[in-house]
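Inside the fold
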Amino acid sequence: MSSRILVVTAVAAEADSVATGPAVDVPLPGGFTLRRHLPKAAGKGPVVDVLVAGVGPAAAAAATATALAHATTHRPYGLVVSAGIAGGFRPVAPLGTVVVADAVVQADLGARTADGYLAVEELGFGRSAHRVPEGLTRAAADALAHDGPPHVVGTVLTVSTVTGTADRAAELAERHPGAAAEAMEGFGVAEAAAAYGVPVMEIRAVSNAVGPRDRAAWRIPEALDALRRAFRLLTPTVFADRAVVDTVLAGPDPAPDLDPASDPDPHPASDPDSHPASGPVPAPDPYPDPEGIPQ
């Protein structure tokens, strides 16, 4: 069975950086679309599904949950990765640095009081943090240490409103001493992954400093290039090793071990409710699952 990972980004430019090469589109309910990248030959890497979820934790959670629910009826994922560019906390994560998250924390899920900020855990309403499995963090950092872009390991904060002042940056850094970066989707992705029992990682490339908004100092192309370099290293190594789905959990493969996208009509006429609410049924997949690709 092929290993499968789900990579979730906010926007298309990030998606273009985390996976390259031939891909097929797989429609999902709700108008979402997976971009499925297959290895060039069987056993030479994982199947990478890239999902553009939209901006913010709510959009990320909804899109990720949709993809994970869809996968349970076909072949579950072994790993979910939240990826993209981010703001970096100085001096921990300079511009161009890749941040490997050891924890994903929703930094503004709580309450402000006269005595300061209270996280949602202190209010007794839930959680605001997910720890990344230590083995995944260590393996990713080790891989990037060999011919990868500069990287650091640290907490990636999720915020619903991007930081734009020095005071806010200082407050977050004080409240989260291990913070390396700030982004807007990771916690939503992690919540959805946790609901389906799938391990999650977050990989971010720093495009700007957390603090006052200085667009002239942003380095988005450089950050996207660092993200691209990181994924070229991580996908065939760390992600492939960790993304093998347990065959017991996956159940029998769809005969003959083909993904729905490779079926000439993945929505049989006998089941009209299975057709997406909008858009035509996609064309047949010219790239079958890796087991069917000639070596």
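Check the entry above for the structure.
All of the points below concern the structure found in this document. (Residues numbered from 1 in each chain as written. Predicted model: local features only at pLDDT ≥ 70, side-chain atom pairs only at ≥ 80, totals over all residues. Heavy atoms only, no water.)

This part covers the overall build of the protein chain. Broken down by element type, the protein chain carries eight helices and twelve strands. Taking contacts inside the protein chain between residues at least 6 apart in sequence as the whole, the part at least 24 apart equals 77%. (Helix = DSSP H or I, 4+ residues; strand = E, 2+ residues; numbered from the N terminus. Contact = heavy atoms within 4.5 Å.)

Counted by the stated rule, this structure contains eleven salt bridges. Between Asp 225 and Arg 228 there is a salt bridge, and its shortest N-O distance comes to 3.6 Å. You can see Asp 225 and its partner Arg 228 sitting in helix H7 (residues 220-242), three residues apart, about one turn around the helix. Residue class for Arg 228 comes out partly exposed when judged on its relative accessible area of 24%. (Salt bridge = Lys/Arg side-chain N within 4 Å of Asp/Glu carboxyl O. Buried < 20%, exposed > 50% of the residue type's maximum accessible area, 1.4 Å probe, protein only.)

Turning our eyes to something else, we now look at the packing of helix H2 (residues 57-72) against helix H6 (residues 186-195). It is at 7 Å that the axes of H2 and H6 come closest, and there the two elements cross at 30°. Overall, the two elements H2 and H6 adopt an arrangement that is roughly parallel. For H2 against H6, the interelement crossing comes out right-handed. Here Pro 57, Ala 60, Ala 61, Thr 64, Ala 65 and Leu 68 of H2 come into contact with H6, specifically with Gly 188, Val 189, Ala 192 and Ala 193. A class-by-class count of the residues in the contact of H2 with H6 yields eight nonpolar, two polar and no charged. (Axes fitted to C-alpha atoms, helices over the stretch in contact; angles between N-to-C directions. Parallel < 35°, antiparallel > 145°, perpendicular 65-115°, else oblique. Left-handed = near helix turned anticlockwise from the far one by under 90°. Nonpolar A, V, L, I, M, F, W, Y, C, P; charged D, E, K, R; others polar.)

Taken residue by residue, a regular strand's side chains alternate between the two faces of the sheet. Alignment of strand E2 (residues 23-27) against strand E3 (residues 33-37), held across five bridges, turns out to be antiparallel. Residue pairing across strands places Ala 23 opposite His 37, the latter belonging to E3. Between E2 and E3, which pair antiparallel and follow one another directly, the connecting turn spans five residues, one of which, Gly 30, has a positive phi of 85°. Alignment of E3 against strand E4 (residues 47-52), held across four bridges, turns out to be antiparallel. Within E4, the residue paired with His 37 across the bridge is Val 48. (Pairing = 2+ DSSP bridges.)

Across the junction of Arg 90 and Pro 91, the peptide omega takes the value 0°, indicating a cis bond. Examined against the element boundaries, Pro 91 turns out to sit in the loop between strand E5 (79-88) and strand E6 (98-106). For Asp 147, which is not glycine, the phi dihedral falls at a positive 65°. The topology assignment puts Asp 147 in the loop between helix H4 (134-144) and strand E10 (151-158).

Below, the discussion takes up the nonpolar core. Counting residues in each nonpolar core, the largest one holds 63 residues, and the members touching the most others are Ile 203 and Phe 239. Look past the residues within four positions of Phe 239 in its chain and what remains in contact with it is Ile 5, Leu 79, Val 81, Met 201, Ile 203, Phe 231 and Leu 234. If you look at the next biggest cluster of nonpolar residues, it comprises eleven residues, including Phe 89, Val 105, Ala 107 and Ala 169. (Core = buried A, V, L, I, M, F, W, Y, C linked by side-chain atoms within 4.5 Å.)

This part covers the packing of aromatic side chains. Applying the stated rule across the entire model yields one aromatic pair. For Arg 4, the ring lying beneath its charged end belongs to Tyr 77, and the centroid distance is 4.8 Å. If you follow Arg 175 out to its NZ or CZ, it ends over the ring of Tyr 117, 3.8 Å from the centre. (Phe/Tyr/Trp six-rings, centres within 6.5 Å; stacked < 30°, edge-to-face > 60°. Lys NZ or Arg CZ within 6 Å of the ring centre and 35° of its normal.)

With that out of the way, let us pick up the side chain of Glu 182. Mapping Glu 182 onto the fold places it in strand E11 (residues 179-183). Within the buried core, Glu 182 has no salt-bridge partner, and the shortest N-O distance to an opposite charge, that of Arg 168, equals 5.6 Å. Other than its neighbours up to four places away in sequence, Glu 182 contacts Ala 86, Gly 87, Phe 89, Leu 157, Val 159, Val 162, Thr 163, Leu 172 and Val 210. (Lys, Arg positive; Asp, Glu negative; His and termini not counted.)

Attention shifts here to the environment of Ser 3. With respect to the helices, strands and loops of the structure, Ser 3 is situated in the segment before strand E1 (4-9). Between the C-alpha atoms of Ser 3 and Leu 79, which are 76 residues apart in sequence, the distance is 9.1 Å.

Most of H6 is tucked away: seven of the ten residues are buried. Three or more residues of H6 are buried, namely Gly 186, Phe 187, Gly 188, Val 189, Ala 190, Ala 192 and Ala 193.

Our next topic: the environment of Val 50. Along the polypeptide, Val 50 turns up in strand E4. You can call Val 50 buried: its relative accessible area is 2%. Taking C-alpha positions, Val 50 is 9.5 Å from Val 81, a pair spaced 31 residues apart along the chain.

As a further point, take the pairing of E1. Among the six residues of E1, six are classified as buried, and the element is accordingly described as predominantly covered. Of the two faces of E1, the one holding Arg 4, Leu 6 and Val 8 and the one holding Ile 5, Val 7 and Thr 9 are both buried throughout. Where E1 lies against E4, six bridges are found, and the strand directions are parallel. In the strand pairing of E4, Leu 6 is matched with Asp 49. For E1 and E5, the ladder comprises four bridges, and the chain directions are parallel. Among the inter-strand pairings, Val 7 is bridged to a residue of E5, identified as Val 81.

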